[in-house]
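Architecture at a glance
Here are the chains, one letter per residue:
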Amino acid sequence: MKKTISVLIAIFMLVFAANPTLAAHGMLPDSGQGSTIYSDNSTGEMVVRIQIRLRELGYITFKPTGAYRSMTVEAVKAFQERCGQFGESIGVDGRMGAQSIGRLFEFTAPQSAIPTSVHMPKGPTSNERQVKGELVSWNTVKTQLTSGRKYRIIDCNTGTEFELVFFGGENHAEMELASEEQLESFDYICGSEYNFLKRPIVVEINGELVAASIQCYPHGADTLSDNGMEGHVCVFFEDSLSHVGSLPDVEHNSNVYSAAGR
């Protein structure tokens, strides 16, 4: 496992060096392996990365295995069909060649369609951001945050404000509602029920508005009592990483840049 992670990191560094724009967004472009085609029975680190990206976009739900089997083939077909729904000319064959790989790792790659029968709570959105913040890397932000201190949060879609308390976090910030009075505002931006959707926000840190992204799903460690919420919420900044293999989170990254007006 450690060897696989080390190889993945080496691949990321080589590809990012060749494309700093995509690296800044936490994305991986073309594999750089020329005419290599990944198909049924392919294995290796690049297959792991393809599966991770398919999972990010909602085409697979299983843990990446590094083996290109029938479920991966069907997921790739679904992705290719989805691209076709957006008017893109990509063959639907379940194989990952240069064109499909290039599209899969683009910042605007289409997510899997959500069945109409699935209930998806969604907070209010707007075509215009009500507030914008500065891009500040997580490595810088975490030196500016103080454990146990309250921070003002502003939702970029609605301008709704509430307060969160910072309690740590290695790859991103883990924060809890400051009081039960803040719960109504948090519930409002999240569509009145907890869910895995993510929203662009700004966090006021030492008088500066910093672009960030929040997930509407409290979980894990719970430090504050009587605040109406069990657990903490994850808040991502530029260059924050997820708990899943310490990899970038595409949706959070997109929100952070949106919160910065990009």
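Heads up: the structure comes first, above all this text.
Residues numbered from 1 in each chain as written. Predicted model: local features only at pLDDT ≥ 70, side-chain atom pairs only at ≥ 80, totals over all residues. Heavy atoms only, no water.

**Examining the nonpolar core**
If you look at the biggest cluster of nonpolar residues, it comprises 27 residues, and the most contacted ones within it are Leu164, Val203, Val235 and Phe237. Of all elements in the fold, only α6 (138-144), β1 (150-155), β2 (161-166), β3 (173-177), α7 (183-189), β4 (198-205), β5 (208-215) and β6 (233-236) reach the threshold of two or more residues within this core. Excluding residues within four positions of it along the chain, Leu164 makes contact with Arg149, Lys150, Tyr151, Ile153, Met175, Glu176, Leu177, Ala178, Ile214, Val233 and Val235. With 21 residues, the next largest nonpolar core counts Val47, Leu54, Val73 and Phe105 among its residues. (Core = buried A, V, L, I, M, F, W, Y, C linked by side-chain atoms within 4.5 Å. Buried < 20%, exposed > 50% of the residue type's maximum accessible area, 1.4 Å probe, protein only. Helix = DSSP H or I, 4+ residues; strand = E, 2+ residues; numbered from the N terminus. Contact = heavy atoms within 4.5 Å.)

**Quick notes on helix α4 (residues 70-85)**
The end-to-end C-alpha distance of α4 is 23 Å, a good match for the 22 Å that 16 residues give at a rise of 1.5 Å each. Along α4, the residues classified as buried are Thr72, Val73, Ala75, Val76, Phe79, Gln80 and Cys83. Taken down its axis, α4 places every buried residue within 165 degrees of arc, on the same side. In α4, the exposed residues that point more than 90 degrees away from the buried face are Ser70, Met71 and Gln85. Looking at the buried residues of α4, the elements they touch are α3 (45-56) and α5 (98-104). Looking one or two places after α4, you find Gly87, whose phi comes out positive at around 80 degrees. (Expected span 1.5 Å × (residues − 1). Arc of directions from axis to C-beta.)

**Quick word on the state of the cysteines**
One way to say it: the disulfide is the covalent bond shared by the sulfur atoms of two cysteines. Taken as a whole and assessed by the stated rule, the structure comprises one disulfide. A disulfide bridge connects Cys190 with Cys216, and the sulfur atoms are separated by 2.2 Å. Between Cys190 and Cys216, the S-S dihedral sits near -80 degrees, and the bridge is therefore left-handed. Note that Cys190 is positioned in the loop between α7 and β4 and Cys216 in the loop between β5 and β6, a separation of 26 residues in sequence. No difference in accessibility class separates Cys190 from Cys216, as the two residues are buried. (Disulfide = S-S within 2.5 Å.)

**Looking at the sheet that holds β4**
Sheet architecture is closed into a barrel: six strands sit in the order β1-β2-β3-β6-β5-β4, paired in antiparallel fashion. Going from strand to strand, the sheet's axes swing by 45 degrees on average, the running direction of each strand aside. Here β5 pairs with β6 via two bridges, running antiparallel. In the sheet register, Ser213 faces β6, and the bridge partner there is Phe236. Where helix α8 (residues 250-259) meets the sheet, its contacts fall on β4, β5 and β6, and the angle it forms with β5 comes to roughly 150 degrees. (Pairing = 2+ DSSP bridges. Axes fitted to C-alpha atoms, helices over the stretch in contact; angles between N-to-C directions.)

**Topic: α8**
Counting buried positions over the 10 residues of α8 gives eight, a clear majority of the element. Of all the residues in α8, the buried ones are Val250, His252, Asn253, Asn255, Val256, Tyr257, Ser258 and Ala259. The backbone nitrogen of Glu251 lies 3.1 Å from a side-chain oxygen of the residue at the head of α8, namely Asp249. One or two positions beyond α8, positive phi appears at Gly261, with a value near 80 degrees. (Polar contact = N/O pair within 3.5 Å; in protein donor to acceptor, adjacent residues only side chain to side chain.)

**Quick notes on the pattern of salt bridges**
Under the counting rule described, the total for this entry stands at 11 salt bridges. Between Glu74 and Lys77 there is a salt bridge, with its nearest N and O atoms 3.7 Å apart. Of this pair, Glu74 and Lys77 both sit in helix α4, three residues apart, roughly one helical turn. On the basis of relative accessible area, Lys77 is assigned to the partly exposed category, the value being 27%. Here Arg103 and Glu106 are joined by a salt bridge, their closest N and O atoms 2.8 Å apart. According to the relative accessible area criterion, Arg103 is buried, its value standing at 12%. According to the relative accessible area criterion, Glu106 is partly exposed, its value standing at 36%. (Salt bridge = Lys/Arg side-chain N within 4 Å of Asp/Glu carboxyl O.)

**Side note on the environment of Arg262**
Along the chain, Arg262 falls in the segment after α8. Arg262 gets classed as exposed once you look at its relative accessible area, which sits at 66%.

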